[in-house]
Amino acid sequence: MNYKFTDNCLIGVEQIDDEHRELFRLVGEVQDLLHDRWNADKYFEICDVVERLRDYAAEHFRHEEEYMIKIGHPELELQIEQHTQFCEKVNAVDLRSAEGDQQAFIEDILSFLVKWLYRHILGSDLLIGKLMSVEEWKQRGNLAFKDEYLTGIEAIDEEHKELIKILDELHYMISTDDSDDKFDKILNLAKYFRNYIRVHFKNEEDYMESIQYEELEMQQLAHDVFIARLDLMNLEEFDVGRQKELEENVAAMTEWVVAHIIHMDKHIGQV
């Protein structure tokens, strides 16, 4: 696979998008090193690209976090945690080990970079500037399926409509339902959503495979990221004492699904 920055990765903030492009350009250098069969000793090239990656990533993360502070992005703490993990991983790379099996060393770096970048951009960065506050989310009114969400693929569009419907019902229950069994109803609906979206992702991936969609792997990574986010939410543990946390999580789920449909799924119907 040719790992590159595509329109699916655009978040709509020029500086951040440009810096993501540069990160992918560095990834491209790693990939070129991997496939360079004429260079018997790549040690100095490996050291150079890893050092540049360390420096550039740290600078990019600082810019990204400054922007998120400026706009009051609700997931700033999560982003800082992910950035820290990336820097720790890259800083821990022992360049001395590149003196041995250089191909294996480069493959390991490339695998980590690609998976982390795609997962981070598609799972977290895509929401920068799009997540509304809990207060705004509670006042947003009904979440309706819009024409701009249409992919032109009937089966996928129908499943997207069901996802939006479930999220709208969750929003309504959390915001307005005061019944004694409120959290039981929310839990049951959240479980249905989690099961339904897994089936939807499988159906969507099967369709992309059937048409040999070239960005299938990127879609799979995005889907995996969202499932991981759902698992971390531990929806089964929510009760009346964690109302605000529940609101924040469902608001994030909603914005991710909408952003994913608009920025990624609509491209499937353009093939």
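Scroll up to find the structure.
Here the structure is a predicted model, which means the values were calculated and not measured.

**Here we look at the layout of surface pockets**
In step 1: Taken as a whole, the largest pocket spans an internal volume of roughly 870 Å³.
In step 2: In this structure, the largest pocket is lined by 30 residues; those nearest its centre are Glu 75, Leu 78, Arg 229, Asn 249 and Ala 252.
In step 3: Sorting the residues of the lining of the largest pocket by element identifies helix H3 (76-91), helix H4 (102-123), helix H5 (134-138), helix H8 (216-233) and helix H9 (243-268) as the ones contributing at least two each.
In step 4: Split into classes, the residues belonging to the lining of the largest pocket amount to 13 nonpolar, 7 polar and 10 charged.

**Focus: empty space enclosed by the protein**
To find leftover empty space, a probe the size of one water molecule is rolled over the atoms.
In step 1: Scanning the entire structure with this criterion turns up 2 cavities of 30 Å³ or more.
In step 2: Empty space within the largest cavity amounts to approximately 40 Å³.
In step 3: Secondary structure elements with two or more residues in the lining of the largest cavity: helix H6 (154-176), helix H7 (182-210) and H9.
In step 4: Considering every element that reaches the lining of the largest cavity, the biggest residue donor is H9, with 5 residues.
In step 5: For the lining of the largest cavity, the class distribution of residues is 6 nonpolar, 3 polar and 1 charged.
In step 6: Approximately 30 Å³ is the volume attributed to the second largest cavity.
In step 7: In terms of lining residues, the second largest cavity is bounded by Val 30, Leu 33, Ile 46, Val 49, Val 50, Ile 106 and Ile 109.
In step 8: Counting residues per element, the ones that place at least two in the lining of the second largest cavity are helix H1 (14-35), helix H2 (43-71) and H4.
In step 9: With 3 residues, H2 is the largest single contributor of residues to the lining of the second largest cavity.
In step 10: In terms of residue class, the lining of the second largest cavity is made up of 7 nonpolar, no polar and no charged.

Rules and cut-offs
- Residues numbered from 1 in each chain as written.
- Predicted model: local features only at pLDDT ≥ 70, side-chain atom pairs only at ≥ 80, totals over all residues.
- Heavy atoms only, no water.
- 1 Å grid on protein atoms, 1.4 Å probe; cavity = no way out; pocket = protein on both sides within 12 Å on 5 of 7 lines; lining within 4 Å.
- Points joined across faces, edges and corners; volume = space filled by probe spheres on them.
- Helix = DSSP H or I, 4+ residues; strand = E, 2+ residues; numbered from the N terminus.
- Nonpolar A, V, L, I, M, F, W, Y, C, P; charged D, E, K, R; others polar.

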